[in-house]
Amino acid sequence: MFNDIGALELVTIVVLAILIFGPDKLPKVIQDVTGVIRKIRAFSDSAKQDIRSELGPEFKDFEFEDLNPKNFIRKQLTENEDLKEIRSSFDLRKELNDVTDAVNGKESDAAEAAGGALPAAAPGAGPDMVKKPVTPAQEQRTRYDADAT
């Protein structure tokens, strides 16, 4: 609960509590606060038990922590057998090495063999990104209608 409070913050809180409540009232205030926390926990536990009893026996393993989206997704990913099979068959390193080879190895070797110049595009290999696209003829262009927009 207080994982991110350091020693200096804790000492500051204790000093402020002593200054605000005084050394004679501080034990009573601490008892009251712990009593309220215990009552809240007891109320929460009884509410959880009531909900579990109302849901029925098919939800006996239901945990309220599973309603947190992170916990729900983690539980579904670790318990699903199909996902375990897919995860075991997928080799990320092999995929990354294939992509790296395709980008660096094979294409850089072809560029060096051509003398460092860009290789000429083969016909039908895809669009040439260097050339400007051909503008369609006037009759092929669609007319702009300002009223339609």
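These numbers were taken from a predicted model, which means no experiment stands behind them.

Of regular secondary structure, the chain possesses four helices and zero strands. The order of α-helices and β-strands along the chain, N terminus first, is α-α-α-α. The buried share of the chain, taken over its 149 residues, is 5%.

What follows deals with the pattern of salt bridges. Here the structure, examined in full by the defined rule, presents two salt bridges. Residue Lys-28 is joined to Asp-32 by a salt bridge in which the shortest nitrogen-to-oxygen separation is 3.2 Å. Here Lys-28 pairs with Asp-32, and both are found in helix α1 (residues 7–55), just four residues apart, close to one helical turn. By relative accessible area, Asp-32 is classed as partly exposed at 39%. Of the charged contacts, one joins Lys-94 and Asp-98 as a salt bridge, the two residues approaching to 3.4 Å between their closest N and O atoms. Placement of both Lys-94 and Asp-98 in helix α4 (residues 92–113) is noted, with a separation of four residues, approximately one turn of the helix. Its relative accessible area of 46% is what places Lys-94 among the partly exposed residues.

There is a patch of nonpolar side chains on the surface, built from Val-11, Val-15, Leu-16, Leu-19, Ile-20 and Phe-21 and spanning about 600 Å² of accessible area. With respect to the element layout, Leu-19 can be found in helix α1.

Residues of the chain with pLDDT of at least 70 account for 70%, and the chain-wide mean is 76. By mean pLDDT, the top-scoring element of the chain is α1 (91), and the lowest-scoring one is α4 (69). Counting interchain partners and residues more than four positions distant, the pLDDT-below-50 stretch residues 108–121 has four contacts.

Taking 1.5 Å of rise per residue, the 49 residues of α1 would be expected to cover 72 Å, yet its terminal C-alpha atoms sit only 45 Å apart, more than 12% below that figure. Within the span of α1, buried status applies to Ala-17, Gly-22, Leu-26 and Arg-52. One or two residues past the end of α1 sits Gly-56, with phi positive at roughly 105°.

Criteria and thresholds
- Residues numbered from 1 in each chain as written.
- Predicted model: local features only at pLDDT ≥ 70, side-chain atom pairs only at ≥ 80, totals over all residues.
- Heavy atoms only, no water.
- Helix = DSSP H or I, 4+ residues; strand = E, 2+ residues; numbered from the N terminus.
- Buried < 20%, exposed > 50% of the residue type's maximum accessible area, 1.4 Å probe, protein only.
- Salt bridge = Lys/Arg side-chain N within 4 Å of Asp/Glu carboxyl O.
- Patch = residues over 30% accessible without salt bridge, like charges linked within 9 Å, V, L, I, M, F, W, Y side chains within 5 Å.
- Areas by Shrake-Rupley, 256 points an atom, 1.4 Å probe, with all protein chains shown as cover.
- pLDDT = per-residue confidence, 0-100.
- Contact = heavy atoms within 4.5 Å.
- Expected span 1.5 Å × (residues − 1).

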